[in-house]
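# Working through the structure, step by step
Residue-level listing of the chains:
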Amino acid sequence: MFVKEVTVENQVGLHARPATFFIQKANEYKSSIWVEKEERRVNAKSLLGVLSLGIVGGTTIRIIADGADEQDAVEGLIALVNSGFAE
């Protein structure tokens, strides 16, 4: 299991379009991946789950992966978050 925290810096947070990019990226990996905000954990490959967290700009989240490519998955998703979802 590999875990890392990241702060979502883009203004809209993880809503609609950025969440779609996040889920598409998560689905590139074989590992099971979760996003955690405070005490809630959801499947990072589920649009409804990610949107249900209500992640806004400035929120710190944890990305957790477990599987063959867990470190690559977490690092790839953190790079996407840090890029501001290329917007």
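None of these values were measured; they are calculated from a predicted model.

What follows is about the pattern of salt bridges. Applying the stated criterion across every chain, the model contains four salt bridges. In this structure, Lys-25 engages Glu-28 in a salt bridge whose closest nitrogen and oxygen atoms are separated by 3.5 Å. We classify Lys-25 as partly exposed; its relative accessible area is 23%. Since its relative accessible area comes to 55%, Glu-28 is described here as exposed. Two residues, Arg-62 and Glu-36, come together in a salt bridge whose shortest N-O distance is 3.3 Å. Of this pair, Arg-62 sits in strand β4 (residues 60-66) while Glu-36 sits in strand β2 (residues 32-37); the two residues are 26 residues apart in sequence, bridging distant segments of the chain. Overall, the relative accessible area of 31% leaves Arg-62 in the partly exposed class. One network of salt bridges, in which partners are shared, links Glu-36, Arg-41 and Arg-62.

Taken in spatial order, the four strands line up as β1-β4-β2-β3 in an open sheet, and their pairing is antiparallel. Only two strands of the sheet have a single partner each, and these edge strands are β1 (2-7) and β3 (40-43). Strand-to-strand twist of the sheet, defined as the mean angle between neighbouring strand axes without regard to direction, takes the value 25°. Sheet topology places β1 next to β4; six bridges connect them, and they run antiparallel. Within β4, the position partnered with Thr-7 by the bridge is Thr-60. Each of β1, β2 and β4 is contacted by helix α3 (residues 70-82), which is oriented at about 5° to β1, the strand it contacts most.

Here is what the cut-offs are and how they apply
- Residues numbered from 1 in each chain as written.
- Predicted model: local features only at pLDDT ≥ 70, side-chain atom pairs only at ≥ 80, totals over all residues.
- Heavy atoms only, no water.
- Salt bridge = Lys/Arg side-chain N within 4 Å of Asp/Glu carboxyl O.
- Buried < 20%, exposed > 50% of the residue type's maximum accessible area, 1.4 Å probe, protein only.
- Helix = DSSP H or I, 4+ residues; strand = E, 2+ residues; numbered from the N terminus.
- Pairing = 2+ DSSP bridges.
- Axes fitted to C-alpha atoms, helices over the stretch in contact; angles between N-to-C directions.
- Contact = heavy atoms within 4.5 Å.

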